Amino acid sequence: MKISLLISVLISFVLVAYAANFNQDIAVTWGDGRGKILENGQLLTLTLDKFSGSGFQSKNEYLFGKIDMNIKLVPGNSAGTVTTYYLRSQGTTWDEIDFEFLGNLSGDPYTVHTNVYCGGKGDREQQFRLWFDPTKDFHTYSLLWNPQRIIFSVDGTPIREFKNMESMGVPFPKSQAMRVYSSLWNADDWATRGGLIKTDWSQAPFTASYRNYKADACVWSFGKSSCSSNSPSRNSWLSQELDIGSQQRLRWVQKNYMIYNYCADTKRFLQGLPKECTAR
């Protein structure tokens, strides 16, 4: 009995040691107390009221990684609010990989806005609806970023892939380390139906909730990466690509749930579509 009890304790310790803990991994950076870490580091909430939103960032910087976060979005009438979850580097020529969740009138679907910036330039938006209500429960939103591609996924289903096409002269973020950020803020000048629907402050405070942050990533510190070229098997995501099944799911999402694709917006790009669009 003593041996089995010891084994049980050791197993529990290992699970706790490797469990995501917001106290260890995340810093709430703004909001004057509106961002809270709860349940011994297992839950994080961001709140928006008429005076301020709130936000957090990862304590580590990463140069490539697979980042997972369970998020439960603001329920009810969330029109005018934006919940963001993204990777971003510093400086005026920053790189960035975006998830933005645009609020809605109660009963209407959220808009999932995605974008990729390189050298401070974005304009690569794709927008989607979701095939479930993201306010009822937690769902996993993932960003896979390796030297060959960026993959946006929801509950393991890819919704977007942005490939490295530097050979065609298309910039790709691969040299600037990025932190994970998230925020909840008021953007009723544009977020819901182009700003036609304003935030109803009688519904405030608005709250988004987070669990199970996981960064399977190369930590960048003092100009060096924590990933070793001698052990690529430990970082299989560094060469991960979409298999046939994942490609089929991606096409299913883009056929049924994509509502905007910059690569199809010929009115916006009067001089011709971006190079990566014509290569598809």
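Residues numbered from 1 in each chain as written. Predicted model: local features only at pLDDT ≥ 70, side-chain atom pairs only at ≥ 80, totals over all residues. Heavy atoms only, no water.

If you look the protein chain up in an unreviewed UniProt entry, it shows as Xyloglucan endotransglucosylase/hydrolase from Hibiscus trionum. Per its UniProt entry, the protein chain bears the Function (unreviewed entry) comment "Catalyzes xyloglucan endohydrolysis (XEH) and/or endotransglycosylation (XET). Cleaves and religates xyloglucan polymers, an essential constituent of the primary cell wall, and thereby participates in cell wall construction of growing tissues." Check the Sequence similarities (unreviewed entry) section of the UniProt entry for the protein chain; it says "Belongs to the glycosyl hydrolase 16 family." (UniProt positions renumbered as here; feature names shortened; annotations may be inferred.)

Draft legend 1. Seen up close, the sheet that holds strand 1 (residues 26–30). Strand order in the open sheet formed by 8 strands is 1-4-13-6-7-8-9-16, and the pairing between neighbours is antiparallel. Every other strand in the sheet has two partners, leaving strand 1 and strand 16 (258–261) as the edge strands with one partner each. Strand-to-strand twist in this sheet, taken as the mean axis angle between neighbours without regard to direction, amounts to 15 degrees. In terms of strand pairing, strand 7 (residues 96–102) meets strand 8 (residues 111–117) through 7 bridges, oriented antiparallel. In the strand pairing of strand 8, F101 is matched with V112. (Pairing = 2+ DSSP bridges. Helix = DSSP H or I, 4+ residues; strand = E, 2+ residues; numbered from the N terminus. Axes fitted to C-alpha atoms, helices over the stretch in contact; angles between N-to-C directions.)

Draft legend 2. Spatial organisation of the state of the cysteines. A full pass over the atoms with the stated rule returns 2 disulfides. Through a disulfide, C218 is tied to C227; the S-S separation comes to 1.9 Å. Judged by the sign of its S-S torsion, about -100 degrees, the bond between C218 and C227 is left-handed. Comparing C218 with C227 shows no difference in burial state: the two are buried. The cystine pairing of the protein chain, numbering bonded cysteines in sequence order, is 1-2, 3-4. Among the cysteines around C118, which has no disulfide bond, C277 carries the closest sulfur, lying 15 Å off. (Disulfide = S-S within 2.5 Å. Buried < 20%, exposed > 50% of the residue type's maximum accessible area, 1.4 Å probe, protein only.)

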